[in-house]
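Close look at the chain arrangement
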Amino acid sequence: MENGLIESQTQGGRSEITAAIRGESEAIRRLWEHHRRWVAAILLAHKPREIELEDLLQDVAMTLVRTIGELRDESAFRPWLRTVSINAARAAGRKASTHRRCFVQSPTPDASDEGLDGRARPDESVSEEAHRLLALAMELPEGYREPLLLRAVRGMSYRAIAHLLGLPETTIETRIARGRRLLRELAEAGERGPMPVEMVRADEQ
Amino acid sequence: MEEIDRDMLISRVVDDQATDADWAQLRRLGENDAGVWRELAEAQHEHAELCRAVESAIAAADDIDAPVEAGVQRRFAQRIRVVTTWGGWAVAATLVLAWVSAPADFRGAGAGILDLTPDQAIQRYLDEGRRTGQVIEEIPQRILIETRPEVNGEGLEVIFLRQFIERTHVRTLYRSGQDEFGRRISVPIKFEVRLSNPL
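It should be emphasised that the depicted structure is a prediction, and the values quoted were computed from it without experimental measurement. (Residues numbered from 1 in each chain as written. Chains lettered and ligands numbered in written order. Predicted model: local features only at pLDDT ≥ 70, side-chain atom pairs only at ≥ 80, totals over all residues. Heavy atoms only, no water.)

1. Describing the confidence of the model for chain A
Residue and element names in this part refer to chain A. On average, chain A scores 79 in pLDDT, and the residues at 70 or more come to 73%. Within the model, the stretch residues 1-12 combines pLDDT values under 50 with 30 contacts to residues more than four positions away or in other chains. Across residues 195-205 the pLDDT falls below 50, and counting only partners more than four positions away or on other chains, this stretch makes four contacts in the model. (pLDDT = per-residue confidence, 0-100. Contact = heavy atoms within 4.5 Å.)

Here's what the structure looks like:
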């Protein structure tokens, strides 16, 4: 199973999208259930750190319910839902930015105490190293960060990611490979301590 | 160039996408530089760890359901607004529709319907209606008409209204009117309504 993405290429997936566009509640519910995990990964890749993932997921789910009837092309569903997700994350970022300007913020909690969705609830089953890698992945440029996080979602193939991002499969493959290399370099730099300024400059060139 | 190829090869192996040719190339690389196997092991480990971290972070999504009830209420409210903006003749139109559109033929669909309970029959009506496009949805709110205590004193008897939204297609709409002699007549309605999402 390809996490609802490849499945959605089949007639069954398309008919579900069609039914959802017609406004059938059960189809909308099922559609959301099939797609919400990768939506969460997109939000994770784009959201500001201090915004809770659950809040954004609720925003996206609400937008899906309210506006899917306006979608005219079933094949555009996934890119459309990705755009909705990115817009939700960016809108939250703008609000958070305004809030920061208007109020004196309390000090940001230490990263080791906080989940990456902005909540203080570390998952015991996930190692510290895993949390650290995800935190480092969030520092990657957007073009590498998004495909790399999507690839880490169960069942997301190069093809599914390529369709979602509207890019060729070969581009996705290259970005994932390059993203892994950058992640390794960040991790190694972290283990060595802060990189000397001249080394950072040399790497940037 | 070689560095990119190396990263790509390792990435393909991590993602279980490596071909025989990729493996052959990787072995050749490994013969000259054993460090490639260490890199491969690290990449696989990091990918597994990242998957665990991402899956843990996005697990929150499993608790978020689509608020379809809110959507149904909103769409229903929109439809009511549309009907309202069409004006008073819309009420007459709904009555006249019954005269000008063909009555539903339940003879075929009703085969065996006597064997069904009322709830089963309604479910069948919904399923069949959605399939054919005649039934859009049931309005989730049930309108309370009356409640009274059960005769045996246990609980309440509740009388309520269930509503269903249906779709039909007609060539002409009529409104009720009167001719010069005061007799009731049906007058065809000429209108141009452009709705992006009509009923």
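Next, the rest of the story.
2. Looking at the pairing of strand β4 (residues 184-188) of chain B
As judged from the five bridges shared by strand β3 (residues 174-178) of chain B and β4(B), these two strands associate in the antiparallel manner. Among the inter-strand pairings, B:Ser176 is bridged to a residue of β4(B), identified as B:Ser186. (Pairing = 2+ DSSP bridges. Helix = DSSP H or I, 4+ residues; strand = E, 2+ residues; numbered from the N terminus.)

3. A closer look at the packing of aromatic side chains
Residue and element names in this part refer to chain A. What the rule picks out here adds up to two aromatic pairs over all chains. Measuring from ring centre to ring centre gives 6.1 Å for Phe-77 and Trp-80, while their planes differ by 40 degrees; the resulting arrangement is tilted. Here the residue Phe-77 and the residue Trp-80 both occupy positions in helix α4 (residues 77-102), the gap between them amounting to three residues, near one helical turn. Here the two residues Phe-77 and Trp-80 agree in accessibility, since each one is buried. (Phe/Tyr/Trp six-rings, centres within 6.5 Å; stacked < 30°, edge-to-face > 60°. Buried < 20%, exposed > 50% of the residue type's maximum accessible area, 1.4 Å probe, protein only.)

4. Notes on the confidence of the model for chain B
Residue and element names in this part refer to chain B. In this model, chain B carries an average pLDDT of 77, and 71% of its residues clear a pLDDT of 70 or more. Ranking the helices and strands of chain B by mean pLDDT puts helix α3 (residues 35-58) first, with 93, and helix α5 (residues 89-100) last, with 47. Per-residue pLDDT stays below 50 along residues 86-92; that stretch engages in nine contacts with residues further than four places along the chain or on separate chains. For the stretch residues 94-109, pLDDT sits under 50, and the model shows eleven contacts to residues farther than four places along the chain or on other chains. The complex model carries a pTM of 0.60, and its ipTM stands at 0.77.

5. Description of helix α2 (residues 20-32) of chain B
Residues and elements named next belong to chain B. Between the first and last C-alpha of α2 there are 19 Å, a value that for 13 residues agrees with the 18 Å anticipated at 1.5 Å per step. Within α2, the full set of buried residues consists of Asp-22, Leu-26, Leu-29 and Gly-30. One side of α2 holds all its buried residues, which, seen down the axis, span an arc of 100 degrees. Exposed residues on α2 whose side chains face more than 90 degrees from its buried face are Asp-20, Ala-21, Glu-31 and Asn-32. (Expected span 1.5 Å × (residues − 1). Arc of directions from axis to C-beta.)

6. Focus: the interface of chain A and chain B
On the side of chain B, 42 residues touch chain A, which itself brings 48 residues to the contact. On the chain A side of the contact with chain B, A:Arg37, A:Arg180 and A:Arg184 bury the most area, a combined 15% of that side's loss. Between chain A and chain B we count eleven salt bridges in total. Here chain A and chain B share 20 residue pairs in polar contact (both at pLDDT 80 or more) between them. Within the residue set of the side of chain A that touches chain B, elements represented by two or more residues are α2 (25-46), α3 (53-67), α5 (128-137), α6 (142-151) and α8 (169-192) of chain A. It is α2(A) that provides the largest number of residues to the side of chain A that touches chain B, a total of ten residues. (Buried area = accessible area lost by both parts, 1.4 Å probe. Salt bridge = Lys/Arg side-chain N within 4 Å of Asp/Glu carboxyl O. Polar contact = N/O pair within 3.5 Å; in protein donor to acceptor, adjacent residues only side chain to side chain.)

7. Side note on the pattern of salt bridges
Taken as a whole, this structure holds 25 salt bridges over all chains when the rule is applied. A salt bridge links A:Glu24 to A:Arg22; the nearest nitrogen and oxygen atoms lie 2.8 Å apart. Its relative accessible area of 44% is what places A:Arg22 among the partly exposed residues. Residue A:Arg181 pairs with B:Asp7 through a salt bridge whose shortest N-O separation is 3.0 Å. Placement of A:Arg181 in helix α8 and of B:Asp7 in helix α1 (residues 2-14) is noted, with the two residues assigned to different chains. For the pair shown, A:Arg181 and B:Asp7 are each scored as buried.

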